[in-house]
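Tertiary structure, described
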Amino acid sequence: MTDHDAAHVVVPFADFVVARGQALQRTAYLFTGDWLLAEDLLQTALARAYPRWDRIVRDDPEAYVRRVIVNTWSSWWRRKWRGETPTGQLPDRVGSDPYAEADRRDAVRRALARLPLRQRAVVVLRFHEDMSETQVAAILGISVGTVKSQASKALAKLRADDALTGYGAAAAAGGE
Amino acid sequence: MTFTDEEQALHAALADVTLGQPPMPVDRMAGVRRRHARRRAVQSVGAAVLAVVVAAGVFVSTNVVGRSVTPAGRSVPSWALPWPDHRDGSVSQQILDGAVIAWRQFYGGPGNAGRPTKVIWYAGQRAVNDSEVVVVFELESAEGRRLVAGYADATNVDGSAQVHVAPGSSPWVLYDAPAPPPSYRGVVGLNLTASGSIDSASYDNWIVVLTHPTAPQISWSGAGLNGGGAATDKGLIVADVGQPTGQVYATVVDHPEQRGGGTNGQLPVGVPGNNKSRVPHLRQVGPLRGAPVGLRSLGEVASQGESVDSNLSFRGHGATTIYARCYGPGPIRVAVDTDKSDAGTVVPCDDRLHVLAGGQLGPNQFGGKGHSFAVHASDYTAWRVDVVAH
């Protein structure tokens, strides 16, 4: 078997979808804030990768699909969902009832949705995907300095929204 | 990388937000295929309209978006082709530079040795119903001079999306070869197809052909094609040539005042010195009439060249029957659940249906559930195969 064959054989498209689909859907969800939209975004990205799988599988297919997710989400946002920002009231009883955990997650989701496009992208890629600032800069086509400043501003907004309240202890304990 | 407490809290919060993730939908793969088919159908309409236009005349004007081609006499280094720059502004230079970055990742040597010190552009624009971005450039580095031609799905290089997340990751398909001498008067070509249409029974092979700027016309021919030609835009054509069944050739019709108005003969469309670039998108093989459909089938696949296809949900065991049809240099070899180099059923390529005994279903060669089959074929052999369990 040649090297080409080996690369070709390693990750059939269907296997990739099974193996990495859920992780990619989580990333898509952090962009869209809606699981159905996330699945829609994921399938759109996979459909774009599908016809050229033979080529991209030789390199880094997951990076390719993730890049398409970011770009597709960005184009959706520009095209029709610029005004889509959930505006419901923040829960006012965080941690005080049986639904506290769900409310806390909802608060984070809403706070994320209120972030501007670029800041949201920086937050997801940097702090969910654990990409380096250089990698985030590359995927978004901005400078490393801009990544830093956007991350800083995003953190400030999330802080102002109390979105991170209650997560400090979990983080300190190493939990996710 | 180190994170502050607050950043760690954000990391935890993001992970927490995704805790309510629903299970993987059973039809995710089917959904992907449906979207792909829809996208393909939309694009094939555009291709069909263009095909009618092409058929209307022997020579058609090129669909190059050329607007401000630089003069042929532009100043280029002595080692470069004295051809014009066809970049037309339909794609930003930042995107085009991404192709050079990709080249360095694919082919450039380590460190400064692979860093291009000079890039001479010949083409960089949208083509093929604007669905692709094509590039042609020469570059010089410490390792020598190279000629590079390639393309990318336009939707994947728009905006900022073409950037390379990891080394070697790129939406660009690039063909690299030693740069020809400046006196070269042949062609630099690409075979490509409209993005998303590659699995369609109706997708066409497009060609992008660049030659010296004094050539007024380029014609094309090849097995399965009606042939045709186009007036060049200072040496460049982009054309939908139809559905070939073999190599596509271009003939440069020289200016009457040069070489007596003759031609250089038929030249394979591709990058000189790079055989892979010469492989066109072949017409798909016709249907496997009589092959059973349903649960016993691993799934019908039509393609060309080497391929491996998996059906992770297929449950079965025992012997198989192979339904196969192919044309081209053949034969092809169909191997079920094995990657042994000599395993598989050999199928002659005469564009007729062959029903042959296949291998035994065994453990999936990739591990896990389901089964897979590999088709071993030359790049110029098109095939359609189904593997059916008894």
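Here the structure is a predicted model, which is why all the values come from computation and not from measurement.

Let's talk about the pattern of salt bridges
All names here are of chain A. What the rule picks out here adds up to 12 salt bridges over all chains. Note that Glu62 is salt-bridged to Arg66, the shortest N-O span being 2.9 Å. Of the two residues, Glu62 and Arg66 both sit in helix α5 (residues 61-79), 4 residues apart, roughly one turn of that helix. A relative accessible area of 17% places Glu62 in the buried class. One salt-bridge network, in which partners are shared between bridges, spans Arg20, Glu62, Arg66 and Glu129.

What to know about the packing of aromatic side chains
A full pass over the atoms with the stated rule returns 8 aromatic pairs over all chains. Taken together, Phe13(A), Phe16(A), Tyr50(A) and Trp53(A) form an aromatic cluster joined through their ring pairs.

Quick look at the state of the cysteines
Covalently bonding the sulfur atom of one cysteine to the sulfur atom of another cysteine gives a disulfide. Residue and element names in this part refer to chain B. For the structure shown, the criterion picks out 1 disulfide over all chains. Here Cys326 is linked by a disulfide to Cys349, with a sulfur-sulfur distance of 2.1 Å. Handedness here is read from the sign of the S-S torsion; for Cys326 and Cys349, about -100°, the answer is left-handed. A residue pair is termed long-range when its members are at least 10 positions apart, and Cys326 in strand β15 (residues 318-327) and Cys349 in the loop between β17 (345-347) and β18 (354-361) qualify at 23 residues.

A word on the sheet that holds strand β13 (residues 301-304) of chain B
Residues and elements named next belong to chain B. Read from one edge of the open sheet, 4 strands run β13-β20-β15-β18, paired in antiparallel fashion. Strands at the two margins of the open sheet, each flanked by one partner only, are β13 and β18. Across this sheet, the average inter-strand angle for adjacent strands is 30°, counted without regard to direction.

Examining the confidence of the model for chain A
Model confidence for chain A is summarised by a mean pLDDT of 73, while 74% of its residues fall at 70 or above. Note that pLDDT drops below 50 for residues 1-9 of chain A; the model gives that stretch 13 contacts with residues more than four away or on any other chain.

Examining the confidence of the model for chain B
Residues and elements named next belong to chain B. In the predicted model, chain B carries a mean pLDDT of 79, and 78% of its residues have values of at least 70. Below a pLDDT of 50 lies the segment residues 44-71, which in the model reaches 49 contacts outside its immediate sequence neighbourhood of four places, other chains included. This model gives residues 163-168 a pLDDT under 50, and the stretch forms 23 contacts once residues within four places in sequence are excluded.

Structural notes on helix α8 (residues 133-140) of chain A
Those residues of α8(A) that sit buried are Val136(A), Ala137(A), Ala138(A), Ile139(A) and Leu140(A). A positive backbone phi angle near 70° is found at Gly141(A), which sits one or two residues after α8(A).

A look at the sheet that holds strand β7 (residues 205-210) of chain B
One key point about sheets: their strands pair by backbone hydrogen bonds, in either a parallel or an antiparallel sense. All names here are of chain B. Strand order in this open sheet of 3 strands is β6-β7-β10, and the pairing throughout is antiparallel. One side of each edge strand has no neighbouring strand; the edge strands of this open sheet are β6 (188-192) and β10 (236-242). Pairwise comparison of adjacent strand axes, ignoring direction, gives a mean angle of 20° for this sheet. Looking at chain direction, β7 and β10 are connected through 6 bridges and run antiparallel. Looking at β10, one finds that Asn205 is bridged to Gly242.

Quick notes on the packing of α8(A) against helix α9 (residues 144-160) of chain A
Packed helix pairs are characterised by how far apart their axes lie and by the angle those axes make with each other. All names here are of chain A. Where α8 meets α9, the axes come as close as 8 Å, and the angle between the chain directions of the two elements is 100°. When the axis of α8 is compared with that of α9, the two are roughly perpendicular. Here α8 contributes Glu133, Thr134, Val136 and Ala137 to the contact with α9, which in turn contributes Val144, Val147 and Lys148.

Some points on the nonpolar core
Among the nonpolar cores identified, the biggest contains 60 residues, and Phe13(A), Ile69(A) and Leu140(A) are the most heavily contacted of them. In terms of residue count, helix α2 (residues 13-32) of chain A provides more of this core than any other element does, 9 residues in total. If sequence neighbours within four positions are ignored, Phe13(A) has contacts with Leu46(A), Ala49(A), Tyr50(A), Trp53(A), Met29(B) and Val32(B). One finds Ile120(B), Val128(B), Val188(B) and Leu192(B) within the second-largest nonpolar core, a separate group that totals 27 residues.

Cut-offs used in this document
- Residues numbered from 1 in each chain as written.
- Chains lettered and ligands numbered in written order.
- Predicted model: local features only at pLDDT ≥ 70, side-chain atom pairs only at ≥ 80, totals over all residues.
- Heavy atoms only, no water.
- Salt bridge = Lys/Arg side-chain N within 4 Å of Asp/Glu carboxyl O.
- Helix = DSSP H or I, 4+ residues; strand = E, 2+ residues; numbered from the N terminus.
- Buried < 20%, exposed > 50% of the residue type's maximum accessible area, 1.4 Å probe, protein only.
- Phe/Tyr/Trp six-rings, centres within 6.5 Å; stacked < 30°, edge-to-face > 60°.
- Disulfide = S-S within 2.5 Å.
- Pairing = 2+ DSSP bridges.
- Axes fitted to C-alpha atoms, helices over the stretch in contact; angles between N-to-C directions.
- pLDDT = per-residue confidence, 0-100.
- Contact = heavy atoms within 4.5 Å.
- Parallel < 35°, antiparallel > 145°, perpendicular 65-115°, else oblique.
- Core = buried A, V, L, I, M, F, W, Y, C linked by side-chain atoms within 4.5 Å.

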